[in-house]
Amino acid sequence: MISAPAFGGATAGNNRSSESGGAESMEVDMQMVSDAMAGVMDVMASGSGAGPRSPRVDEAGSTWLNKPPMERFIDILDQLDTKVESLRKEAMVLRDKKDFLAMSVDLLKNNEYLTGLNDNERDEIDCYVQRISSRLGTVELNVCTVRDQAQEDSLHHVNSLIDLIIASADPVISRQKCQQYLNACSTTDTTVYTDVDPSTVYTDKKFESVLLGCTLDDQKTIKKRLQALLVYLTQQTIVH
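Procedures and definitions
- Residues numbered from 1 in each chain as written.
- Predicted model: local features only at pLDDT ≥ 70, side-chain atom pairs only at ≥ 80, totals over all residues.
- Heavy atoms only, no water.
- UniProt positions renumbered as here; feature names shortened; annotations may be inferred.
- Helix = DSSP H or I, 4+ residues; strand = E, 2+ residues; numbered from the N terminus.
- Core = buried A, V, L, I, M, F, W, Y, C linked by side-chain atoms within 4.5 Å.
- Buried < 20%, exposed > 50% of the residue type's maximum accessible area, 1.4 Å probe, protein only.
- Domains from an automatic or database assignment.
- Salt bridge = Lys/Arg side-chain N within 4 Å of Asp/Glu carboxyl O.
- Phe/Tyr/Trp six-rings, centres within 6.5 Å; stacked < 30°, edge-to-face > 60°.
- 1 Å grid on protein atoms, 1.4 Å probe; cavity = no way out; pocket = protein on both sides within 12 Å on 5 of 7 lines; lining within 4 Å.
- Points joined across faces, edges and corners; volume = space filled by probe spheres on them.
- Nonpolar A, V, L, I, M, F, W, Y, C, P; charged D, E, K, R; others polar.
- Axes fitted to C-alpha atoms, helices over the stretch in contact; angles between N-to-C directions.
- Parallel < 35°, antiparallel > 145°, perpendicular 65-115°, else oblique.
- Left-handed = near helix turned anticlockwise from the far one by under 90°.
- Contact = heavy atoms within 4.5 Å.
- Expected span 1.5 Å × (residues − 1).
- Polar contact = N/O pair within 3.5 Å; in protein donor to acceptor, adjacent residues only side chain to side chain.

Visitor: Is there a simple way to explain the UniProt feature "coiled-coil region" (unreviewed entry) in the protein chain in this structure?
Guide: Here the UniProt feature "coiled-coil region" (unreviewed entry) sits at residues 70–97. The distance from the first to the last C-alpha atom of residues 70–97 is 41 Å, and the span holds 100% helix and 0% strand.

Put into structure tokens, the structure is as follows:
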């Protein structure tokens, strides 16, 4: 039986709750935008000598209305800046989930149990995998990280090294190499998987050197990817 890794799955109840919470959040966000725009109009109106509109920001008191126009603009922009940062974090979480799903598909394509299937069964599995990959490809999530050319090259090199682990046919060696890469991500962390022989676990200096050339955001993403991969490879090693 082929088992796929579960990366942060959710129950149907949780999904319904998330959808409900998402709708409420959207309503709150739209109200915030409406309030912010009303605040901008208040600033413009007060600056032009026209009568002020009904205040939408900090309606509980007159503190906000007594502020100079510049400070009111800053208050509104601070709120928008907080929302933008929150949106970036949510988008990065979704991007990580997409990456984990893509990694799961790649792992299944290289699963050793596929060799036990006949040609027709393998073709059926390949078609199914292709459909899933195509559907996943319709989801586009892009949170830009500013990188120079050297950082781009380092990220590409790191991803290539991780891809070699995924494509490996030996889960034991892949697991050891993944652990070495993860140790390179954070040399101060203690090893979580105590069933690994400490004498066989080292920090991969080559990987560490390339990793240091990546941005901090990329380093965090790489560490999460390796943690998820190690969990899966550990399960595969036990089964094997």
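From this point, things continue past the structure.
Visitor: Help me out: how do you make sense of the nonpolar core in this one?
Guide: A general feature of soluble globular proteins is that nonpolar side chains tend to end up buried together. With 25 residues, the main nonpolar core has Ile162, Phe207, Ile222, Leu226 and Leu229 as its most contacted residues. Where this core is concerned, the elements lending two or more residues are helix H2 (69–109), helix H4 (149–167), helix H5 (171–185), helix H6 (205–211) and helix H7 (216–239). By residue number, the principal contributor to this core is H7, which donates seven residues. Looking at which domains feed residues into this core, each of domain 1 (64–138) and domain 2 (149–239) supplies at least three.

Visitor: How should the pattern of salt bridges be read in this particular structure?
Guide: It is possible for side chains bearing opposite charge to pair when their charged atoms get close. Applying the stated criterion to the full structure yields nine salt bridges. In this structure, lysine 224 engages aspartate 96 in a salt bridge whose closest nitrogen and oxygen atoms are separated by 3.8 Å. Of the two residues, lysine 224 sits in helix H7 while aspartate 96 sits in helix H2, which places them 128 residues apart along the sequence. Classification of aspartate 96 by relative accessible area gives buried; the value is 10%.

Visitor: Hey, could you run me through the packing of aromatic side chains in this one?
Guide: The description of an aromatic ring pair rests on the distance of the ring centres and on the angle between the ring planes. The full count for this structure, using the stated rule, is one aromatic pair. Note on tyrosine 181 and phenylalanine 207: the rings are 4.1 Å apart at their centroids and 10° apart in plane angle, and the pair reads as stacked. Highlighted residues: tyrosine 181 in helix H5 and phenylalanine 207 in helix H6, separated in sequence by 26 residues. A relative accessible area of 0% places phenylalanine 207 in the buried class.

Visitor: Explain empty space enclosed by the protein here, please?
Guide: A probe as big as a water molecule, rolled over the atoms, marks out the empty space that is left. In total, this model carries one cavity of 30 Å³ or more according to the counting rule given. The volume enclosed by the largest cavity comes to roughly 170 Å³. If you trace the largest cavity, you find 14 residues lining it, with Asn110, Asn111, Ser168, Pro171 and Gln236 closest to the centre. The set of elements that each furnish at least two residues to the lining of the largest cavity consists of H4, H5 and H7. Its residues assigned to classes, the lining of the largest cavity comprises seven nonpolar, five polar and two charged. Formed jointly, the lining of the largest cavity draws a minimum of three residues from each of two domains, domain 1 (64–138) and domain 2 (149–239).

Visitor: Looking at this structure, how should I read the packing of H2 against helix H3 (residues 119–137)?
Guide: The angle between the axes and the distance between the axes are what describe a pair of packed helices. The contact between H2 and H3 brings their axes to 11 Å, and the two run at 160°. Between H2 and H3, the interaxial angle falls into the category roughly antiparallel. Of the two elements, H2 crosses H3, and the hand of that crossing is left-handed. Residues Lys98, Leu101, Ala102, Val105 and Lys109 of H2 pack against Val129, Ile132, Ser133 and Leu136 of H3. Tallied by class, residues from the contact of H2 with H3 come to six nonpolar, one polar and two charged.

Visitor: Would you explain the side chain of threonine 215 in this entry?
Guide: Topologically, threonine 215 is positioned in the loop between H6 and H7. Judged by its relative accessible area of 9%, threonine 215 is buried. Setting aside residues no more than four positions away along its own chain, threonine 215 makes contact with Thr145, Val146, Arg147 and Gln151.

Visitor: What is the right way to look at the environment of leucine 233 in this model?
Guide: Structurally, leucine 233 can be placed in helix H7. Placed 58 residues apart in sequence, leucine 233 and arginine 175 show a C-alpha to C-alpha distance of 5.5 Å.

Visitor: Before we go on, may I ask you to explain H4 in this structure?
Guide: Each turn of an α-helix holds 3.6 residues, which means side chains three or four residues apart point in the same direction. When the terminal C-alpha atoms of H4 are compared, their 27 Å separation across 19 residues agrees well with the 27 Å that a helix rising 1.5 Å per residue should span. Two or three places before alanine 150, at the opening of H4, aspartate 148 has a side-chain oxygen 3.2 Å from that residue's backbone nitrogen.

Visitor: Explain the side chain of glutamine 219 here, please?
Guide: Position of glutamine 219 relative to the elements: it lies in helix H7. Excluding its chain neighbours within four sequence positions, the residues that come into contact with glutamine 219 are Leu211, Leu212 and Cys214.

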